[in-house]
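Coordinate analysis (summary)
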Amino acid sequence: MRIYDPNQATLRALQGTNIELILDVPNDALQSLNDQTAANNWVRNNIQNYPSVRFKYIAVGNEVNPRTESGRYANFVLPAMRNLHSAIRAAGLGNQIKVSTATYTGLLATSYPPSNGAFHDNVRGFIEPIVRFLAQNNLPMLANIYPYFGYLGDPNGNLPYALFTAQGPVVNDNGRQYSNLFTAMLDAHYAAQARFGGENVEIVVSESGWPSAGDRGATLENARTYNNNLIRYVKGTTGTPRKPGRSIETYIFAMFDENRKSGAETEKHFGLFSPNRQPKYQVNF
């Protein structure tokens with residue numbers, strides 16, 4: 001499970017459940033954690049106070065991008081990561097809880113073919129030190145991977161390629177064969193990381209999903225198809241052409257539709273459940 005802020009009622013509900021958790025530090029809290037004492041207090045209040053919650057990762061910021069409005073938080077991400085990593089280790093939890101940040105494809109200037117994956121030049125000063133910090137400390141990168149937006153952004157978008165239903169390879173990248181857009185996007189992230197010494201930094205897919213309404217290709221049937229095929233794929237051991245022979249730790253976004261969310265209409269319709277807690281379609285985990 002992933003929650004986007006340390007909501008105390010949710011943390012209390014997770015006690016003793018054996019549910020592994022990604023706990024986010026919201027972007028607007030990053031600056032405060034540039035102070036080590038504040039980071040220590042954050043870990044004590046939100047981690048150590050809940051010893052029976054199975055914390056797995058701390059996502060220090062979500063989709064911070066120096067090229068967008070969230071760029072005002074960019075200078076605070078790595079110092080907060082360092083301080084929280086130190087606090088986790090001081091608490092004796094370093095073998096249990098990994099500190100990272102959640103990035104996304106918006107930082108990539110190039111993603112096709114996957115081996116050409118590269119970050120925008122004007123985000124290098126932000127993301128390169130983060131990649132190197134993760135590599136030095138054997139920590140994973142969290143990445144939000146959405147084939148839906150890749151499909152939507154391409155006027156000639158190949159829907160079967162995005163839904164894991166293509167019959168055979170669609171992209172041949174110097175002998176690496178891609179039959180689904182998910183693994184192509186994931187390998188583009190690996191290629192971009194590798195340029196900064198992050199070839200062996202494992203990527204955990206901290207969000208992926210498909211909307212059921214709101215724009216081209218956003219239907220209930222496509223959402224059902226994508227999420228069920230995604231689950232089946234990542235639980236297997238095919239991996240990606242660049243990183244074969246492994247399952248891919250992946251989190252589906254989202255549990256509930258966000259009917260009050262602003263932005264594009266699709267943003268309101270990623271849930272597996274409606275706001276009234278009724279399932280929208282059958283999902284097979």
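Preceding this section is the structure that the text describes.
How each quantity is defined
- Residues numbered from 1 in each chain as written.
- Predicted model: local features only at pLDDT ≥ 70, side-chain atom pairs only at ≥ 80, totals over all residues.
- Heavy atoms only, no water.
- Phe/Tyr/Trp six-rings, centres within 6.5 Å; stacked < 30°, edge-to-face > 60°.
- Helix = DSSP H or I, 4+ residues; strand = E, 2+ residues; numbered from the N terminus.
- Buried < 20%, exposed > 50% of the residue type's maximum accessible area, 1.4 Å probe, protein only.
- Lys NZ or Arg CZ within 6 Å of the ring centre and 35° of its normal.
- Salt bridge = Lys/Arg side-chain N within 4 Å of Asp/Glu carboxyl O.

1. A word on the packing of aromatic side chains
The geometry of two aromatic rings is summed up by the distance between their centres and the angle between their planes. Tallied over the full model, the rule gives 16 aromatic pairs. When the ring of tryptophan 210 is compared with that of tyrosine 226, the centres are 5.3 Å apart and the planes differ by 35°; the resulting orientation is tilted. Separated by 16 residues along the polypeptide, tryptophan 210 in the loop between strand S10 (203-208) and helix H8 (220-235) and tyrosine 226 in helix H8 bring together distant segments of the chain. With a relative accessible area of 0%, tyrosine 226 lands in the buried category. Among the aromatic residues, ring-to-ring pairing joins Tyr4, Tyr146, Tyr148, Phe149, Tyr151, Phe164, Phe182, Trp210, Tyr226, Tyr233, Phe253 and Phe270 into one connected group. Directly above the aromatic system of tyrosine 190 lies the positively charged group of lysine 243, at a separation of 5.1 Å from the ring centroid.

2. A word on the environment of asparagine 222
Structurally, the position occupied by asparagine 222 is in helix H8. On the basis of relative accessible area, asparagine 222 is assigned to the buried category, the value being 12%. Measuring from C-alpha to C-alpha, the distance between asparagine 222 and arginine 132 comes to 38 Å, with 90 residues separating the pair along the chain.

3. Quick look at unusual backbone geometry
Cis geometry is found at the peptide bond from tyrosine 112 to proline 113, where omega equals -15°. Relative to the elements of secondary structure, proline 113 occurs in the loop between strand S5 (108-110) and strand S6 (118-119). Geometrically, the link from phenylalanine 253 to alanine 254 is a cis peptide bond, its omega value of 5° lying close to zero. In this fold, alanine 254 is placed in the segment after strand S11 (250-252). Of note, the phi angle at asparagine 174 is positive, near 55°, even though the residue is not glycine. Residue placement: asparagine 174 occurs in the loop between strand S8 (171-173) and strand S9 (176-178).

4. A look at the pattern of salt bridges
Per the stated rule, a full pass over the model turns up 15 salt bridges. One salt bridge in this structure joins arginine 2 and glutamate 207, with 3.3 Å as the shortest N-O distance. Of this pair, arginine 2 sits in strand S1 (residues 2-3) while glutamate 207 sits in strand S10; the two residues are 205 residues apart in sequence, bridging distant segments of the chain. Taking the relative accessible area as the measure of exposure, arginine 2 reaches 11% and is therefore buried. A salt bridge links lysine 261 to glutamate 258; its shortest N-O distance comes to 3.2 Å. With relative accessibility at 29%, the residue lysine 261 sits in the partly exposed group. Linked through salt bridges whose partners overlap, the residues forming this network are Glu20, Arg54, Lys56 and Glu249.

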